[in-house]
Amino acid sequence: MIERKRNRWLTALFSAICAVYIFPLVVLLFNSFKTKEAITSQVFAFPTAQSFVGFENYLRGIRSIDFFSSVGYSLVVTLGSVALILICTSMCAWYLNRVGGRLCKGIYYLFVFSMAVPFQMVMFTLPYLADRLGLTSPWAIPLVYLGFGAGLAVFMFNGFVKSIPISIEEAAMIDGCNPLSTFFRVVLPIMKPTYISVAILQTMWIWNDYLLPTLVLDKTKGYYTIPMAIQSAVTDSYGTVDYGAFMALLVLAIIPIVVFYVLAQKQIIKGVISGAVKG
């Protein structure tokens, strides 16, 4: 009886916490269908017959920027960066963990230390370095994201690799697998839960990132990701913000990442259950 009451209280508590986190998104969604005057005067009110404008804000927001090109650039940057981070850091973590030794431990600690380095320490030299190395396009900037995302990814993969019985890899090598095929055929499928977790974290960061693309991408060639495009097009020549279009564009930018998170969240649960391996 006591256990049941405690579970009810915990359910109510976490439901309230979830409501607090979801509330700003609900307000954003409602305001994307309201007039500018209603947004500024009645931020938390539901759309009424007088304030409801349908999809006018969305159409105006899409027309105000090169929306589909920005979506394309964001997809190229996000998918390319996440794929590069997953493959490179998982192989790196596996190698460092299995080889061991002082050198590998030192390299691992350098990856961990990189998470503590503030981005502001490198943001002033980053544009110059990226320009000299030719990393100012959406197809090259994943190399920059690899450098900034490797610390957390290696840390997470390294922790999971420790739980994989080495006997499985030894059996694969006895069957004729070389180290590369052992990783891709044996280790990588077992690491699926961590792959999904790292992919979610990196995707949410890269898709929503504004500062790094703004510093690196060559804007003279029209390379604008979604956050950059929204920021550059929400004001008119007098500096007035079109809040309706701004809210609508934010909703459109959030939808893909929310859908991805919901779908991947189910895979995390399945991966944790099926990914348990005992040697």
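The structure this text deals with has already been given above.
Residues numbered from 1 in each chain as written. Predicted model: local features only at pLDDT ≥ 70, side-chain atom pairs only at ≥ 80, totals over all residues. Heavy atoms only, no water.

## Some words on helix H3 (residues 56-64)
Point 1. Those residues of H3 that fall on the buried side of the exposure criterion are Asn57, Tyr58 and Gly61. All buried residues of H3 project into a common sector of 100° when viewed along the axis, lining one side. (Buried < 20%, exposed > 50% of the residue type's maximum accessible area, 1.4 Å probe, protein only. Helix = DSSP H or I, 4+ residues; strand = E, 2+ residues; numbered from the N terminus. Arc of directions from axis to C-beta.)

## Quick notes on the packing of aromatic side chains
Point 1. What the rule picks out here adds up to 16 aromatic pairs.
Point 2. Here the aromatic rings of Phe33 and Tyr58 are separated by 5.3 Å at their centres, their planes lie at 45°, and the arrangement is tilted. Placement of Phe33 in the loop between helix H1 (2-31) and helix H2 (36-41) and of Tyr58 in helix H3 is noted, with a sequence separation of 25 residues between them.
Point 3. Tyr58 gets classed as buried once you look at its relative accessible area, which sits at 8%.
Point 4. Summarising the aromatic geometry, the rings of Tyr73 and Trp139 are spaced 6.4 Å apart at their centres and angled 90° between planes, so their arrangement reads as edge-to-face. One end of the pair, Tyr73, is in helix H4 (residues 67-99); the other, Trp139, is in the loop between helix H6 (126-133) and helix H7 (142-161), and 66 residues separate them in sequence. (Phe/Tyr/Trp six-rings, centres within 6.5 Å; stacked < 30°, edge-to-face > 60°.)

## Remarks on the layout of surface pockets
Space left empty within the atom packing is revealed by a probe, the size of a water molecule, rolled over the atoms.
Point 1. For the largest pocket, the calculated volume is near 400 Å³.
Point 2. In terms of lining residues, the largest pocket is bounded by 14 residues, among which Ser114, Met115, Gly147, Phe148 and Gly149 are the most central.
Point 3. For the lining of the largest pocket, the secondary-structure elements that each account for two or more residues are H7 and helix H10 (192-208).
Point 4. Of the residues forming the lining of the largest pocket, the biggest block, 5 residues, is contributed by H7.
Point 5. For the lining of the largest pocket, the residue count by class is 9 nonpolar, 5 polar and no charged.
Point 6. Space inside the second largest pocket adds up to approximately 320 Å³. (1 Å grid on protein atoms, 1.4 Å probe; cavity = no way out; pocket = protein on both sides within 12 Å on 5 of 7 lines; lining within 4 Å. Points joined across faces, edges and corners; volume = space filled by probe spheres on them. Nonpolar A, V, L, I, M, F, W, Y, C, P; charged D, E, K, R; others polar.)

## As for a nonpolar patch on the surface
Point 1. Residues Leu10, Leu13, Phe14, Ile17, Val20, Tyr21, Ile22 and Val26 make up a contiguous nonpolar surface patch of about 770 Å² in total accessible area.
Point 2. Along the chain, Phe14 turns up in helix H1.
Point 3. Judged by its relative accessible area of 49%, Phe14 is partly exposed. (Patch = residues over 30% accessible without salt bridge, like charges linked within 9 Å, V, L, I, M, F, W, Y side chains within 5 Å. Areas by Shrake-Rupley, 256 points an atom, 1.4 Å probe, with all protein chains shown as cover. Salt bridge = Lys/Arg side-chain N within 4 Å of Asp/Glu carboxyl O.)

## Observations concerning the pattern of salt bridges
Point 1. Tallying each qualifying case throughout the model produces 2 salt bridges.
Point 2. Of the charged contacts in the structure, one is a salt bridge between Arg60 and Glu56, with a shortest N-O distance of 3.5 Å. Of the two residues, Arg60 and Glu56 both sit in helix H3, 4 residues apart, roughly one turn of that helix.
Point 3. Of the residues examined, Arg60 reaches a relative accessible area of 26% and is grouped as partly exposed.

## Quick look at the environment of Ile257
Point 1. If you trace the backbone, Ile257 turns up in helix H13 (residues 243-274).
Point 2. In this structure, the C-alpha to C-alpha distance between Ile257 and Leu133, residues 124 residues apart in sequence, is 30 Å.
Point 3. Contacts of Ile257, omitting those with residues within four sequence positions, involve Thr203, Met204 and Trp207. (Contact = heavy atoms within 4.5 Å.)

## As for the side chain of Thr194
Point 1. Position of Thr194 relative to the elements: it lies in helix H10.
Point 2. With relative accessibility at 8%, the residue Thr194 sits in the buried group.
Point 3. Ignoring sequence-local partners within four residues, the contact set of Thr194 consists of Met156, Phe157 and Phe160.

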